[in-house]
Amino acid sequence: MKQVRIGMVGYKFMGKAHSHAYRDVPMFFPKVPKPVMKTICGRDAEAVAQAAEQFGWESCTTDWRDLLQREDIDLVDINAPSHVHKEIVLAAASAGKHVFCEKPLALTLAESREMLRAVEAAGVKHMVGFNYRFVPAIRLAKKLIDEGRLGQIYHFRAWFMQDWLIDPEFPLVWRLRKEVAGSGAHGDLGAHLIDLAHYLIGDMTEVVGMNETFVKERPQPESAAGAAANGQQARGPVTVDDATLFLARFAGGALGSFEATRIAGGCRCRNAFEINGSEGSVKFDFERMNELQVFFANDPDDVQGFRRVLATDPSHAYAEAWWPPGHTLGYEHTLIHETVELLQAIGEDRQPVPNFRDGVKSQQVLEAVDLSIAERRWVSIQEV
């Protein structure tokens, strides 16, 4: 295929990020099929029309079903809230459209498995939005592990910390409602950590966790509830976690620790991990996303220590398409690289990676942790 014609559902944060990726791919990766931005969909007619003009889409609609009836759309991109993922994916697969869906795939593991069965039965291409796999520095960490340069892996510790919910007066947006989001920091941030662990280390066998919702109630958004009779804005219950922590054992023998929170002051987007092996270690923090800290145990004693590797040279994944060495990349490049993989896979008639199988694996761990918390015990991944 020389081009892939796209219809997208969603136009806010991830809609803008995906749109930006589609627009940049042809300039920097001209050999992959060209994305053609046909139609963008959103419930608010005025807002989605503005987004279509701003982002560069040919047209817009307020009904995602319109995308499925059009013969000039090959791929449906879904970045709307989690509670609508399943319905759109099932319909898109039935219509023979390729599907790109943001994480987590669905509200529950059962729903995500149903979505996987649907896309596999339809024979369409499917991808899940774990964009952090496409950071060049993380690709370097994967290379070092696969080449055995870190030796046997002993530890994987990861944390994804944000602080946008630290104000107790922050409104009760959809991400704080279980019926819409599925979970809080656990599914929003922890899902990324779980996928990175699968990508870098391998499968987990068992987990044990704990969580907490520190702010139990928040103001209802004015558009939904308005002000109460006494002049104070109505409040509603937060039905998801503010923070979830868990331990894990990996099939290869490594131990893992995970922390996801959206209420850690001073942490804007601290998506970080450290991996320790018998021959070396690596450390990564997305707030310094171009850098990988690397330690090798066989260095001479007098110079041993972590070294900073700037992953912007042509030898690093995707970097050759961009700027001269040292000219750093940003968040948006993770989405562009992700989109390159998706378009290449469609052009080469193969499944992209990560796909819905990876999404189901992540959701399986999420639910195993939830079960562990509910029953206060270690839970085997195979139990769920």
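Residues numbered from 1 in each chain as written. Predicted model: local features only at pLDDT ≥ 70, side-chain atom pairs only at ≥ 80, totals over all residues. Heavy atoms only, no water.

As recorded by an unreviewed UniProt entry, the chain carries the name Gfo/Idh/MocA family protein and is attributed to Paenibacillus oleatilyticus.

Describe the overall build of the chain, listing the residues and the values that go with them.
Scanning the chain for helices and strands turns up ten helices and 17 strands. For the chain, whose C-alpha radius of gyration is 21 Å, the value lies close to the compact-globule estimate of 21 Å for 384 residues. Its C-alpha atoms put the chain at 65 × 55 × 40 Å along the principal axes. Pairs at least 24 residues apart make up 69% of the contacts formed inside the chain by residues separated by at least 6 positions. Carbon and sulfur atoms make up 49% of the accessible area of the chain, which amounts to about 16900 Å² in all. Here the chain contributes 42 positively and 52 negatively charged side chains, and the mean placements of these two sets differ by 2 Å. (Helix = DSSP H or I, 4+ residues; strand = E, 2+ residues; numbered from the N terminus. Rg over C-alpha atoms; globule rule 2.2 N^0.38 Å. Contact = heavy atoms within 4.5 Å. Areas by Shrake-Rupley, 256 points an atom, 1.4 Å probe, with all protein chains shown as cover. Lys, Arg positive; Asp, Glu negative; His and termini not counted. Charge placed at Lys NZ, Arg CZ, Asp CG, Glu CD.)

So, the sheet that holds strand 2 (residues 34-41): which residues are in play, and what are the values?
Read across the sheet, six strands follow the order 3-2-1-4-5-6 without closing on themselves; strand pairing throughout is parallel. Edge strands, defined here as strands with exactly one partner in the open sheet, are strand 3 (59-61) and strand 6 (126-128). In this sheet, adjacent strand axes meet at a mean angle of 25 degrees when their direction is disregarded. Pairing of strand 4 (residues 75-78) with strand 5 (residues 98-101), which is carried by four bridges, proceeds in the parallel orientation. (Pairing = 2+ DSSP bridges. Axes fitted to C-alpha atoms, helices over the stretch in contact; angles between N-to-C directions.)

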